[in-house]
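In case you want the letters, here they are:
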Amino acid sequence: MMNWFRQCWQHVRQLSGDDMYERYLAHYAEHHAGETDTPPLSRAEFFRQWQDEKWQGVKRCC
Amino acid sequence: MIKGLWGRAGWSGVTLLGVFAFAQVALARGEALNALWLLAAAICVYVIAYRFYAAWIAASVLSVDATRATPAERLNNGRDYVPTNRWVVFGHHFAAIAGPGPLVGPTLAAQFGYLPGTLWILIGAVLGGAVQDMVTLFLSTRRDGRSLGQMARDEIGAIGGMAALFGTFIIMIILIAVLGLVVVNAMKHSPWGTSTVAATIPIAMLVGVYMRHLRPGRVLEASLLGVILLLASVVMGGWVDHHPVLAALFDHEGLPLAFGVIAYGFAAAVLPVWLLLAPRDYLSTFMKLGTVLVLAIAILWLRPDIHMPAITPFIDGTGPIFGGKVFPFVFITIACGAISGFHALIASGTTPKLMTSERDIRTIGYGAMLLESFVAIMAMIAATILEPGVFFAINSPAGVVGKEALDAVNTISSWGYQVTVEQMQHLASVMGESTLFARTGGAPSLAVGMASILGSVFGEHLLALWYHFAIMFEAIFILTTLDAGTRVGRFMLQDMLGNLHPKLGETSYTPSVIFTSALVVAGWGYFLYIGVIDPNGGVNILWPLFGISNQMLAAIALSIGTGILIKSGKASKAWVTGLPLLWLLLITTTAAYEKIFSADVRVGFFAAASDLSQKLAAGVLPPEKAAVAPQLIFNQQLDAWLTAFFVIVLWVVVLDMLNMSRRYLSGKPVLPLTEAGYVATRLEKGAV
């Protein structure tokens, strides 16, 4: 039961983009771990870029 | 073996229930039909179509391949290309495609009775809309998530690409105007509604600042805060309504409200996204999902009876809300919920970049459209559980039934739908409004319907609160569409103007931003203004125009799908998109023909223009109508030319596609397929 709730909560976070930064860090650790000259973005910086990119183009419909 | 038997028995049961429910819906005469039958028929149709038709299309027509890596996997960059859980993508996709359209269209189409609209919502969705969404999603997934316009250009030719771009731009203008009109009609002389809708702006800004600066990226916290404030603003509105000074401050005619919406639209397009658009979108998405869920539960709990007859005499074209016969106008009025071309823009470009496996194409492309169709069915239920007299009193414009309450009830009662002035006054007072007459546009009648459903489940004394909650709920995502649409229109315009003068194409060059935003806002602002000064309500003109343009875009998307299927050597199965395309060609061309050439002044644009000019010349118009007549005449003529433009664009694309297919089938060279090469997936099942 607790597991089920935890999974639901994970989905809600993913759906809303609440965990975007954590997923970005995971992606970074997996693919760009060796690049010491470009450290990962801070949470605020990442969110700023992600939000500005998200609203380019048709994202909402009728 | 045993499992197979159970499966077969189960599907037979679903089919039987579906047939029985459908028979109840279609054949019920005389006694009231319970809304549960409608729900049951809808759910059975969806389940069967999803299980069999969609599965067959995925396997045999599209040849979906679960071993093939998706663009999200191949091009994973942790940002826009990200392999994402299937249900999360489903949620994103549904939130993106489902706007206010499926709530408004069915409510207006209820003037024909519940049956024509319901049948079209169900059949249109399973054979048309969901197929379009799924095929477009598939094609874009196979092409690195390319947009509809790019696919048209790459696969059919430059003409198709241009048409898709222009079509989208003009739809956007018409769509925003008509949605703006719906909000204006809901706020007219309603201090409660107006103050609540106005409060959503500072609330959204607060949420925006919170998630950008105070607690960066904490989306859920910020949204929760926003939702609580929104609910508080509904309650506060009631207080404003009872306060003599504040009530006067928020009590306005349509025109000043329209100018307010126009000014707001301009501000929203120029302000940074994080301040208004992005936070408003979070709030409207949460509100939308929550309210749809609550409404579904309330309908199941309450099992209301439908009071609207299955078919009304207005199928002959004399309906008060909009003119025109049931064919083709029910198919134009209900676009979103049955088939909506706009979805093709979401299904290409955004969603494919998130999908983990091609296996999810059926769930996301076909399934999300079924859910939107279900929302449309619920809107139909909310509209038709009202007494028909009340429904027509709320939705008929003053220009048709008369300005005075007594005239309106007499006219409506003379049609055989009994309603009294006292009944309407009582209804308005329990809903916390001064009047509910002539609130054309669908939002108020839907809000009354929703309030009655939710009120009977959660307590009658809260009716006014539920009514204004429903108004706020609709307004908030209408305004989201308005913000997002104006911004997209601006980007498209900058893109086009950038070809003429590169500086204008820079999306961060302030003079260009202000100039292009002003042009886009002026475009829809013009139609909104005309809609408000039109005594026949404006919706009568704008909604069919929107329907025709949206169906035109759907036909373009289906043309692209059909053309690519034929080019891929699947001509024998291209009827899957070809048949809905044929149907859309038939209805949009017929509807456009009638809107242009019909002699009926309530249908034909030119007929209406010349009728009005004659009356103006003869001096028989009352002074306030004579003052706006020249503008109305010009607008009718403009609308006629616009309709002609839509049909021409549509036929150009279809003929272009047919020409390409003919060349391919006779062995002549055509543009090559641009499908990305096969790469085997390395993601394990359930890895994400």
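Conventions and cut-offs
Residues numbered from 1 in each chain as written. Chains lettered and ligands numbered in written order. Predicted model: local features only at pLDDT ≥ 70, side-chain atom pairs only at ≥ 80, totals over all residues. Heavy atoms only, no water. Helix = DSSP H or I, 4+ residues; strand = E, 2+ residues; numbered from the N terminus. Rg over C-alpha atoms; globule rule 2.2 N^0.38 Å. Buried < 20%, exposed > 50% of the residue type's maximum accessible area, 1.4 Å probe, protein only. Contact = heavy atoms within 4.5 Å. Areas by Shrake-Rupley, 256 points an atom, 1.4 Å probe, with all protein chains shown as cover. Lys, Arg positive; Asp, Glu negative; His and termini not counted. Charge placed at Lys NZ, Arg CZ, Asp CG, Glu CD. Salt bridge = Lys/Arg side-chain N within 4 Å of Asp/Glu carboxyl O. Buried area = accessible area lost by both parts, 1.4 Å probe. Polar contact = N/O pair within 3.5 Å; in protein donor to acceptor, adjacent residues only side chain to side chain. Nonpolar A, V, L, I, M, F, W, Y, C, P; charged D, E, K, R; others polar. Axes fitted to C-alpha atoms, helices over the stretch in contact; angles between N-to-C directions. Parallel < 35°, antiparallel > 145°, perpendicular 65-115°, else oblique. Left-handed = near helix turned anticlockwise from the far one by under 90°. Expected span 1.5 Å × (residues − 1). pLDDT = per-residue confidence, 0-100. UniProt positions renumbered as here; feature names shortened; annotations may be inferred. Phe/Tyr/Trp six-rings, centres within 6.5 Å; stacked < 30°, edge-to-face > 60°. Lys NZ or Arg CZ within 6 Å of the ring centre and 35° of its normal. Core = buried A, V, L, I, M, F, W, Y, C linked by side-chain atoms within 4.5 Å.

Here the focus is the overall build of chain B. On a plain count of helices and strands, chain B comes out with 27 helices and 2 strands. Over its C-alpha trace chain B gives a radius of gyration of 25 Å, about what one expects of a compact globule, namely 26 Å for 688 residues. Along the first, second and third principal axes, the C-alpha set of chain B runs to 70 × 70 × 60 Å. Buried positions account for 60% of the 688 residues belonging to chain B. Excluding contacts between residues fewer than 6 apart, the proportion of contacts in chain B whose partners are at least 24 apart in sequence is 83%. Of the roughly 25000 Å² of accessible surface on chain B, a fraction of 68% belongs to carbon and sulfur atoms.

Attention now moves to the overall build of chain A. Scanning chain A for helices and strands turns up 3 helices and 0 strands. What you see in chain A, going N to C, is helices and strands ordered as α-α-α. Against the 2.2 N^0.38 benchmark of 11 Å for 62 residues, chain A shows a C-alpha radius of gyration of 15 Å, more extended than a compact globule. Taken as two groups, the 8 positive and 9 negative side-chain charges of chain A have centres that lie 10 Å from each other.

The subject of this paragraph is the pattern of salt bridges. Residue and element names in this part refer to chain A. For the structure on display, the rule yields 20 salt bridges over all chains. For Asp 18, the salt bridge identified is with Arg 13, shortest N-O distance 3.1 Å. Here Asp 18 matches Arg 13 in class, with each residue buried.

Turning our eyes to something else, we now look at the interface of chain A and chain B. Taken together, the contacts link 31 residues of chain A with 49 residues of chain B. A combined buried area of about 3500 Å² lies between chain A and chain B, and 60% of that area is made up of carbon and sulfur atoms. At the surface where chain A touches chain B, the tally comes to 2 salt bridges. In this structure, the salt-bridge partner of Arg 212 of chain B is Asp 52 of chain A, at a minimum N-O distance of 3.3 Å. Counting across the chain A and chain B interface gives 7 residue pairs in polar contact (both at pLDDT 80 or more). Breaking the side of chain A that touches chain B down by element, the ones donating at least two residues are helix H1 (2-16), helix H2 (20-31) and helix H3 (43-54) of chain A. It is H3 of chain A that provides the largest number of residues to the side of chain A that touches chain B, a total of 10 residues. Considered class by class, the residues forming the side of chain A that touches chain B number 11 nonpolar, 10 polar and 10 charged.

Further remarks concern the packing of helix H6 (residues 114-141) of chain B against helix H24 (residues 539-567) of chain B. Between two packed helices, both the angle of their axes relative to each other and the distance between the axes serve to describe the pair. All names here are of chain B. Where H6 meets H24, the closest approach of the two axes is 10 Å, and the angle between their N-to-C directions is 55°. Considering the angle they form, H6 stands oblique to H24. Crossing of H6 against H24: the hand is left-handed. For the pair formed by H6 and H24, the contact residues are Trp 120, Gln 132, Val 135, Thr 136 and Leu 139 on the first element and Gln 551, Ala 554, Ala 557, Leu 558, Gly 561 and Ile 564 on the second. A breakdown of the residues in the contact of H6 with H24 according to their chemical character gives 7 nonpolar, 4 polar and no charged.

What follows concerns helix H10 (residues 219-242) of chain B. Residue pairs three or four apart in sequence face the same way in an α-helix, which turns once every 3.6 residues. For H10 of chain B, built from 24 residues, the straight-helix expectation of 34 Å at 1.5 Å per residue is met to within 8% by its first-to-last C-alpha distance of 35 Å. Looking at H10 of chain B, one finds that the buried residues are Val 219, Leu 220, Ala 222, Ser 223, Gly 226, Leu 230, Ser 233, Val 234, Gly 237, Gly 238 and Val 240 of chain B.

For chain A, the mean per-residue pLDDT works out to 85, and 100% of the residues sit at or above 70. At the level of individual helices and strands, chain A shows its lowest average pLDDT in H2 of chain A, which scores 86, and its highest in H1 of chain A, which scores 89.

Following the UniProt record, one finds the feature "domain: CstA N-terminal" (unreviewed entry) at residues 34-591 of chain B. With 73% helix and 1% strand, residues 34-591 of chain B has end C-alpha atoms that lie 33 Å from one another.

Glancing now at the packing of aromatic side chains. Aromatic rings considered in pairs are described by the distance between their centres and by the relative angle of their planes. Residue and element names in this part refer to chain B. The full count for this structure, using the stated rule, is 34 aromatic pairs over all chains. Centroid distance Phe 391 to Phe 392: 5.2 Å. Interplanar angle 80°. Geometry classified as edge-to-face. The same class applies to Phe 391 as to Phe 392, namely buried. Taking 6.0 Å as the distance between ring centres and 80° as the angle between the ring planes, the aromatic pair formed by Phe 392 and Trp 415 counts as edge-to-face. Linking Phe 392 in helix H17 (residues 388-395) with Trp 415 in the loop between helix H19 (405-414) and helix H20 (421-430), this pair joins segments that are 23 residues apart in sequence. Residue classification places Phe 392 among the buried residues on the basis of a relative accessible area of 0%. Here a set of aromatic residues connected by ring pairs shows up, and it is made of Phe 314, Phe 391, Phe 392, Trp 415 and Tyr 417. Just above the ring of Phe 52 sits the side chain of Arg 51; from NZ or CZ to the centre is 4.7 Å. The ring centre of Tyr 50 lies 4.3 Å from the NZ or CZ of Arg 362, which sits over that ring.

So, on to the nonpolar core. All names here are of chain B. Core analysis: the biggest nonpolar cluster contains 229 residues, and Tyr 366 and Trp 524 have the highest contact counts within it. Aside from chain neighbours lying at most four places away, what touches Trp 524 is Ile 173, Ile 176, Ala 177, Val 261, Ile 262, Gly 265, Leu 482 and Thr 486. Ile 530, Ala 609, Leu 612 and Ala 629 belong to the second-largest nonpolar core, a separate cluster that totals 9 residues.

So, on to the side chain of Thr 643 of chain B. Position of Thr 643 of chain B among the secondary structure elements: in helix H27 (residues 623-665). If we skip the residues at most four places from it in the chain, Thr 643 of chain B touches Leu 545, Ile 548, Ala 592, Lys 595, Ile 596 and Phe 605 of chain B.

Residue and element names in this part refer to chain B. Following both chains from N to C, one finds H6 and helix H14 (residues 326-333) inclined at 55°, their axes separated by 10 Å at the closest point. By the angle between their axes, H6 is oblique relative to H14. Handedness of the crossing formed by H6 with H14: right-handed. Contact with H6, carried on its side by Pro 116, Gly 117 and Trp 120, involves Val 326, Val 330 and Phe 331 of H14 and no other residues of that element. The residue makeup of the contact of H6 with H14, split by class, is 5 nonpolar, 1 polar and no charged.

For the rest of this paragraph, the subject is H1 of chain A. Over its 15 residues, H1 of chain A extends 21 Å from the first C-alpha to the last, a length consistent with the 21 Å expected when each residue adds 1.5 Å. Looking only at H1 of chain A, the buried set comprises Arg 13, Gln 14 and Ser 16 of chain A. Summarising the contacts, the buried residues of H1 of chain A are in contact with H2 of chain A together with helix H4 (86-97), H10 and helix H13 (277-302) of chain B. In the stretch just after H1 of chain A, Gly 17 of chain A is the one whose phi turns positive, near 85°.

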